[in-house]
Amino acid sequence: MRLGVLDIGSNTVHLLLVDAHPGARPVPFASHKRPLSLVQYLDGDGNITDAGQHELTEFVLEAWEFAARHKAEDLLAFCTSAIREATNGPAVLARVKHETTVTLQELTGSEEASMTFFAVRRWYGWGAGPILNLDIGGGSFEMATGQDELPELATSVPLGASRLTRDWLQEDPPSAKSVKELRSYIRDTLKPVVRSFDAIGRANVVAGTSKTFRSLARIGGAAPSGAGPYVKRELHAADLGIWAQRLTAMKSEDRLHLPGVSEARANQLLAGALVAEAALELFAFKKIKICPWALREGLILRRLDQLIFDGPLEPAPHIGIQTQPLTAG
């Protein structure tokens, strides 16, 4: 069957269509995405502006039509921190439903971390033992750990790369003072969270998901995306420290010349590097494996598992995703 996953993130709005059936790996069929930093559309009161809402509804309509045109049988539509933390988030969701008929399900930070961890576990398998997964998004930073398919501990903190860039690094390139203050803020935010992970025990594998980790690994020498998903990619703490320092002195336009860095991500790459650097230091890992599967794949795999037992039209109960049969207009 053909499944669609509509992901309203903080940096990008993305529809992924995959062909899959229970027990098989999902094979990407097509995708439709657009850079849309909803964090940049927040006003002084934390509301997503009318312009941001218009951009969002326009894309959701595009995605719905794209999925119908390509004969998707099922659609999982969800949103993460950009709408979850907006002051007018419920009103935005209501407007999207009214204007597009699509119900966006809001994931909590722990649900987002859990479903991403689920995908990482499926990718690396039981032989990996306990896993710690880190995911740097635009609005938040998710962490999850455990030795089962779902994590024993999953949490989220407001350390997304786009959010931090907006709040702390307005200059381009940023001042030494602002970088120093941001480093301190990141560590102060992460230290108590990392301590809560100590009781779970140390992971055998630390994995990184998200475009930020992929970009940082690429500029550190990892293989390009064109080499395929099965090439092993790692990001070493030593390389990360060097590049975090280099990025501090670079303008956004100069970062575009680095391998694997897109125009949409160039401005926020430094903030992402500082979060990654602090996380590896506080968790005391010297390297992180880059996992090609993340939240979208986790939701798809969970949905396929459900089809084995419950039939094709029931949502996965513990995350509350609503499914919507598609008909071409």
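Remember, predicted model here, so these are calculated numbers, not experimental data. Residue indices follow the written sequence of each chain, beginning from 1 at its first position. Since the coordinates come from a predicted model, pLDDT governs what is reported: local features require at least 70, and pairs of side-chain atoms require 80 or more to be given and counted, while whole-chain, interface and lining totals use all residues. Only hydrogens and water are removed before side-chain values are computed, so all heavy atoms of the structure are retained for them.

## Observations concerning the confidence of the model for the chain
Okay, so step 1: Put simply, the chain has an average pLDDT of 92, and 94% of its residues get 70 or more.
Okay, so step 2: Contacts from residues 313-323, a stretch scored under 50 in pLDDT, to residues over four places away or in other chains number 37 contacts. Here pLDDT means the predictor's own confidence in every residue, given as a number from 0 to 100. Whether two residues touch is decided by their heavy atoms; if any such pair falls within 4.5 Å, the residues are in contact.

## Focus: the packing of aromatic side chains
Okay, so step 1: In summary, the pairing rule links any two rings of Phe, Tyr or Trp, Trp by its six-membered ring, whose centres are within 6.5 Å, and it sorts them by plane angle into stacked for under 30 degrees, edge-to-face for over 60 and tilted for everything else. By the definition in use, this model includes 4 aromatic pairs.
Okay, so step 2: Residues Phe197 and Phe283 carry aromatic rings whose centres are separated by 5.5 Å and whose planes lie at 85° to one another, so their mutual orientation is edge-to-face. Separated by 86 residues along the polypeptide, Phe197 in helix 6 (residues 176-198) and Phe283 in helix 11 (residues 269-283) bring together distant segments of the chain.
Okay, so step 3: For Phe283, a relative accessible area of 10% puts it in the buried group.
Okay, so step 4: Taken together, the ring pairs in this structure connect Trp123, Tyr230 and Trp293 into an aromatic cluster.
Okay, so step 5: Cation placement over rings: the criterion is NZ of Lys or CZ of Arg within 6 Å of the ring centroid and within 35° of the ring normal. Sitting over the ring of Phe285, Arg202 keeps its end group 3.9 Å from the ring centre.
Okay, so step 6: Here Arg246 stacks its cationic end above the ring of Trp243, 4.7 Å away from the centre of that ring. Elements are defined by DSSP. Helices are runs of H or I of four residues or more, strands are runs of E of two residues or more, and each kind is numbered from the N terminus. Residue exposure (1.4 Å probe, protein chains only): buried if accessible area is under 20% of the type maximum, exposed if over 50%, otherwise partly exposed.

## Describing the pattern of salt bridges
Okay, so step 1: Salt bridge criterion: a side-chain nitrogen from Lys or Arg within 4 Å of a carboxyl oxygen from Asp or Glu. Summed over the entire model, instances satisfying the criterion amount to 16 salt bridges.
Okay, so step 2: Here Asp19 ties to Arg2 by a salt bridge, and the two come within 2.7 Å at their closest N and O atoms. Taken together, the positions of Asp19 in strand 2 (residues 12-19) and Arg2 in strand 1 (residues 2-8) put the pair 17 residues apart, joining distant regions of the chain.
Okay, so step 3: Judged by relative accessible area, which is 18%, Arg2 ranks as buried.
Okay, so step 4: Each of Arg34, Glu55 and Glu62 takes part in a single network of salt bridges with overlapping partners.

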